[in-house]
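A structural walkthrough
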Amino acid sequence: MVRLTRSRFLRQLTAGFLGLFCALVFAACGSSTTPTGGDATSTGASPAAGGDTLTFAIEPTFAPFEFTDSNGQLTGFDVDLLNAIAEEAGFTVNFQTSQFDGMIPALQAGTIDGAISAMTIKPERARVVDFSRPYYRSGLAIAVQSSNAEITSFDNLSGKRIAAQTGTTGATKAEEAQGDVRLFDNLPLALQELSNGNVDAVVHDAPAILYAIKTGSVQNIKTVGDLLTEEYYGIPLPKGSPNLERVNQGLTAIIENGTYAEIYRKWFGAEPPELPEKAPGIE
Ligand code: ARG
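Read on for a plain summary of the structure. Since the structure is predicted, the reported quantities are computational estimates derived from the model, not experimental observations.

A short note on the overall build of the protein chain
Helix and strand content of the protein chain: nine helices and 14 strands. For the protein chain, the proportion of its 283 residues judged to be buried stands at 50%. Across the protein chain, every contact between residues at least 6 apart in sequence was considered, and the portion connecting residues at least 24 apart equals 73%. Counting only carbon and sulfur atoms, one obtains 49% of the accessible surface of the protein chain, whose full area is about 12,600 Å².

As structure tokens, then:
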């Protein structure tokens, strides 16, 4: 039952990316279907009158959520989303580049106001930081070389060289596989190792892997099997942050007024799924 749902979910994700790919091709052909939406810049949305500036950590090698475009500008779904929330809630975002695994410690130390980086809401994290309501439904996938016929499911990863990104849910899952886990600072490095044949598989978030495949940023890679997990991304803030409520109000407002759906369509070429108000299993 669960497997069926997850495999349907993976097909939906894949279909969404095919749509996106077509949109990209159209844009390249000079059609007027070029995605609309705010220009993402490294300084964020224009300051709201009387608003304050909040610093958010971001690990910008994770397309289509956060990455730098050909002009070196910070862009992506998360960037547009946080700027739209900020505009609604009356603050300006100062994006601060960070390693993914440094975010929770920085939030705990209170040296940043928040982070946005496709971060999965999970109990261990929710104990030490506060998360916004879920803003994206995701799941982990396994990537292997296109020619690999041996690895078709998680069980086949036993004894294999598995790459993952340090501090991620993919790394935690990879540790369960009884293989030789190699940790990298980001997804592109892990995928490159796979493409080069230095590892046998990568375990990471399906939408980011599928986007890398569809946009051709990595060669001769495919995903196999069903999604390994169902996860929801949230925006983490320090425990007890006074900004949690405004971030949640801003997020709820853009979900209700259609801005969220517009940003979702821009980046995923599909209609957004219904989002729960709380991630399953989280208080
Ligand atoms: N969703 C995964 C997690 O929370 C991976 C997120 C990685 N994000 C990034 N910007 N590299 O662990």
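A word on the environment of Tyr264
Summarising the element assignment, Tyr264 is placed in helix α9 (residues 259-268). Through-space distance from the C-alpha of Tyr264 to that of Asp78 is 9.8 Å; in sequence the pair is 186 residues apart. Residue contacts for Tyr264: discarding those within four places in its chain leaves Phe77, Tyr136, Gly269, Ala270, Glu271, Pro272 and Pro273.

A closer look at the site of the ligand
Taken together, 15 residues are adjacent to the ligand, and Glu59, Ala118, Arg125, Thr169 and Asp205 come closest. In this structure, a nitrogen atom belonging to the ligand sits 2.6 Å away from a side-chain N or O atom of Glu59. One of the side-chain nitrogen or oxygen atoms of Asp205 is found 2.6 Å away from a nitrogen atom of the ligand. Bound to the protein, the ligand loses 100% of the 350 Å² it would expose on its own.

Comments concerning the pattern of salt bridges
Going through the model one piece at a time under the given rule, you end up with nine salt bridges. With its nearest N and O atoms 2.7 Å apart, the salt bridge here joins Lys266 to Asp80. In this pair, Lys266 is assigned in helix α9 and Asp80 in helix α2 (residues 77-89), connecting sequence segments 186 residues apart. A single burial state applies to Lys266 and to Asp80, both of which are buried. Of the charged contacts, one joins Arg182 and Asp180 as a salt bridge, the two residues approaching to 2.7 Å between their closest N and O atoms. Relative accessible area serves as the criterion here: at 30%, Arg182 is assigned to the partly exposed category. Overall, the relative accessible area of 34% leaves Asp180 in the partly exposed class.

Considering the packing of α2 against α9
At a minimum axis separation of 10 Å, α2 and α9 run at an interaxial angle of 165°. Overall, the two elements α2 and α9 adopt an arrangement that is roughly antiparallel. For α2 against α9, the interelement crossing comes out right-handed. Contacts between α2 and α9 involve Phe77, Asp80, Leu81 and Ala84 on the former and, on the latter, Thr259, Tyr260, Ile263, Tyr264, Lys266, Trp267 and Phe268.

Description of the sheet that holds strand β8 (residues 140-145)
On the basis of which strands lie adjacent, the open sheet formed by five strands has the order β10-β9-β11-β8-β12 and mixed pairing. Strands at the two margins of the open sheet, each flanked by one partner only, are β10 (180-184) and β12 (221-224). Across the sheet, the mean angle from the axis of one strand to that of its neighbour is 35°, orientation sign disregarded. Examined bridge by bridge, strand β9 (residues 161-165) and β10 share five bridges and lie parallel to one another. Counted as the bridge partner of Gln165 is Phe184 from β10. Those strands touched by helix α6 (residues 187-195) are β8, β9, β10, β11 (201-205) and β12, and its axis lies near 155° from that of β11. Here helix α7 (residues 206-214) sits on the sheet and contacts β8, β11 and β12; the angle it forms with β11, its principal contact strand, is near 115°.

Description of the sheet that holds strand β1 (residues 52-58)
Spatially, three strands are ordered β4-β1-β5 in an open sheet, and the strand pairing comes out parallel. A single partner strand is all that each edge strand has here, and the edge strands are β4 (91-97) and β5 (114-115). Set on the sheet, α2 makes contact with β1 and β4; between it and β4 the angle comes to about 150°.

Cut-offs applied
- Residues numbered from 1 in each chain as written.
- Predicted model: local features only at pLDDT ≥ 70, side-chain atom pairs only at ≥ 80, totals over all residues.
- Heavy atoms only, no water.
- Helix = DSSP H or I, 4+ residues; strand = E, 2+ residues; numbered from the N terminus.
- Buried < 20%, exposed > 50% of the residue type's maximum accessible area, 1.4 Å probe, protein only.
- Contact = heavy atoms within 4.5 Å.
- Areas by Shrake-Rupley, 256 points an atom, 1.4 Å probe, with all protein chains shown as cover.
- Near = heavy atom within 4 Å.
- Polar contact = N/O pair within 3.5 Å; in protein donor to acceptor, adjacent residues only side chain to side chain.
- Salt bridge = Lys/Arg side-chain N within 4 Å of Asp/Glu carboxyl O.
- Axes fitted to C-alpha atoms, helices over the stretch in contact; angles between N-to-C directions.
- Parallel < 35°, antiparallel > 145°, perpendicular 65-115°, else oblique.
- Left-handed = near helix turned anticlockwise from the far one by under 90°.
- Pairing = 2+ DSSP bridges.

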